[in-house]
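# Structural overview
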Amino acid sequence: AQSVTQPDIHITVSEGASLELRCNYSYGATPYLFWYVQSPGQGLQLLLKYFSGDTLVQGIKGFEAEFKRSQSSFNLRKPSVHWSDAAEYFCAVGKLEAGGSYIPTFGRGTSLIVHP
Amino acid sequence: NAGVMQNPRHLVRRRGQEARLRCSPMKGHSHVYWYRQLPEEGLKFMVYLQKENIIDESGMPKERFSAEFPKEGPSILRIQQVVRGDSAAYFCASSPMAGVNEKLFFGSGTQLSVL
């Protein structure tokens, strides 16, 4: 079964600094990978996704992520963080189940704290 | 076009009572997922439904929990005889079709508190 590991529970950065959130996955075939963001009291919103092709994908709000098969990683990056980026970030992997259903599996999340 | 609607936003129940959580997917979406979120545990998959069918309920506790998605009306997650351990945020998500490349649209969740 697939799994997703987000090793950092909390990340603190200063506004304007660069950001990298780590995500490692476990899956036998080529995974379908996603990053979602959750603001306080809200549901999750998709930031970006990777299916195939260019391993560097661009998302909304200035985020990007790079798929590295050799490292089983899909880290999220942003060159300059804004205070409004403070939120919970979830990495997810999608897999088609044997019965044909599609169940996205989420990591435990990384809480981003932004200092002024 | 309204997004995924969940109600109530907050639900307080005493131990032993029943909790009913509602989810109206986005218009045109026929696939619904329920997830439970506990602090620092991320989102845990519970059940995946299509109209009138439960497709995958591998994440549902074997007792007290049930889900439905009728032909008409919202999807319902029902928890009978709630216990304090059921306190969590419950999120519903929908998608227009089934596929590994389909993104999910999430509701704002229902925070269940069991006293």
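Before going into details, it helps to say that this report is about the structure given with it. Computed from a predicted structure; not experimentally measured. (Residues numbered from 1 in each chain as written. Chains lettered and ligands numbered in written order. Predicted model: local features only at pLDDT ≥ 70, side-chain atom pairs only at ≥ 80, totals over all residues. Heavy atoms only, no water.)

## Description of the overall build of chain B
Quick note on the threshold: Counting from the N terminus, the helices are the DSSP runs of H or I reaching at least four residues and the strands are the DSSP runs of E reaching at least two. We compute the radius of gyration over the C-alpha atoms and compare it with the globule rule, which gives 2.2 Å times the number of residues raised to the power 0.38. Relative accessible area decides the class of each residue, using a 1.4 Å probe on protein chains only: under 20% of the type maximum gives buried, over 50% gives exposed, and in between gives partly exposed. Contact criterion: two residues are considered in contact whenever any of their non-hydrogen atoms come within 4.5 Å of each other. Only the protein chains shown count as cover for residues, and the accessible areas themselves come from Shrake-Rupley with a 1.4 Å probe.
Regarding its fold elements, chain B presents 0 helices and 11 strands. Each helix and strand of chain B, placed in order from N terminus to C terminus, yields the pattern β-β-β-β-β-β-β-β-β-β-β. Here chain B has a C-alpha radius of gyration of 13 Å; the compact-globule value for 115 residues is 13 Å, and the two agree. Across its three principal directions, the C-alpha atoms of chain B cover 40 × 25 × 25 Å. Expressed as a percentage of the 115 residues in chain B, the buried residues total 45%. Summarising the internal contacts of chain B: among those between residues at least 6 apart in sequence, 52% fall at separations of at least 24. Total accessible area on chain B is roughly 5,800 Å²; 46% of this is exposed by carbon and sulfur atoms.

## Quick notes on unusual backbone geometry
Residue and element names in this part refer to chain B. Cis geometry marks the peptide bond from Asn 7 to Pro 8; its omega dihedral reads -5°. Within the secondary structure layout, Pro 8 lies in the loop between β1 (5-7) and β2 (10-13). Positive phi outside glycine occurs at Arg 64, with the angle close to 75°. Mapped onto the elements of the fold, Arg 64 is located in the loop between β6 (53-56) and β7 (65-68).

## Some words on the pattern of salt bridges
Condition: Salt bridges are defined by distance alone: a side-chain nitrogen of Lys or Arg within 4 Å of a carboxyl oxygen of Asp or Glu.
Within this structure, the stated rule accounts for 7 salt bridges over all chains. Arg 77 of chain A is the salt-bridge partner of Glu 64 of chain A, the closest N and O atoms lying 3.2 Å from each other. Note that Glu 64 of chain A is positioned in strand β8 (residues 64-68) and Arg 77 of chain A in strand β9 (residues 73-78), a separation of 13 residues in sequence. Accessibility expressed as a relative area gives 22% for Arg 77 of chain A, which makes it partly exposed. The residue Glu 18 of chain B makes a salt bridge to Arg 20 of chain B at a minimum N-O spacing of 2.9 Å.

## Overview of the sheet that holds strand β3 (residues 19-24) of chain B
Residues and elements named next belong to chain B. Basically, it comes down to this: For two strands to pair, DSSP has to find at least two bridges joining them. Angular values range over 0 to 180 degrees, each being the angle between N-to-C directions of two axes fitted as lines to C-alpha atoms, with helices fitted over their stretch in contact.
The 4 strands are arranged β1-β3-β8-β7 in an open sheet whose pairing can be described as antiparallel. For this open sheet the edge positions go to β1 and β7, each flanked by a neighbour on one side alone. Taking each pair of neighbouring strands and ignoring which way they run, the sheet shows an average axis angle of 15°. Across 3 bridges, β1 lies against β3 in antiparallel orientation. In the sheet register, Asn 7 faces β3, and the bridge partner there is Arg 22.

## Concerning the state of the cysteines
The condition is simple: Here, a disulfide means two cysteine sulfur atoms that sit within 2.5 Å of each other.
Scanning the entire structure with this criterion turns up 2 disulfides over all chains. In this model Cys 23 of chain A forms its disulfide with Cys 91 of chain A; the gap between the sulfur atoms is 1.9 Å. In this structure, the disulfide formed by Cys 23 of chain A and Cys 91 of chain A twists by about -65° around the S-S bond and is classed as left-handed. Of the two residues, Cys 23 of chain A sits in the loop between β3 (19-21) and β4 (24-26) while Cys 91 of chain A sits in strand β10 (residues 87-94), which places them 68 residues apart along the sequence. Like Cys 23 of chain A, the residue Cys 91 of chain A is buried in the burial classification. Disulfide partner of Cys 23 of chain B: Cys 92 of chain B, at an S-S distance of 1.7 Å. Here the disulfide of Cys 23 of chain B and Cys 92 of chain B is left-handed, its torsion about the S-S bond being about -50°. On the criterion of sequence distance, the pair formed by Cys 23 of chain B in strand β3 and Cys 92 of chain B in strand β9 (residues 88-95) is long-range, its members being 69 residues apart. The two residues Cys 23 of chain B and Cys 92 of chain B agree in class, both being buried.

## Comments concerning the interface of chain A and chain B
As a reminder of what qualifies: Buried area: the accessible area, evaluated with a 1.4 Å probe, that two parts lose upon being put together, summed over both parts. Pairs of N or O atoms are called polar contacts if they sit within 3.5 Å, as long as, within protein, a hydrogen donor faces a hydrogen acceptor (for residues adjacent in sequence, only side-chain-to-side-chain pairs). Basically, the charged four are Asp, Glu, Lys and Arg, the nonpolar ten are Ala, Val, Leu, Ile, Met, Phe, Trp, Tyr, Cys and Pro, and anything else, Gly included, counts as polar.
Chain A puts 23 residues into the contact, and the matching count from chain B is 22 residues. In total, chain A and chain B occlude about 1,900 Å² of area from one another, counting both sides; carbon and sulfur atoms represent 61% of this. The interface formed by chain A and chain B contains 0 salt bridges. At the boundary of chain A with chain B, the tally comes to 6 residue pairs in polar contact (both at pLDDT 80 or more). Only β5 (32-38) and β6 (44-50) of chain A provide two or more residues apiece to the side of chain A that touches chain B. Per element, the largest residue contribution to the side of chain A that touches chain B is 4 residues, and it comes from β5 of chain A. Among the residues forming the side of chain A that touches chain B, the class breakdown is 13 nonpolar, 7 polar and 3 charged.

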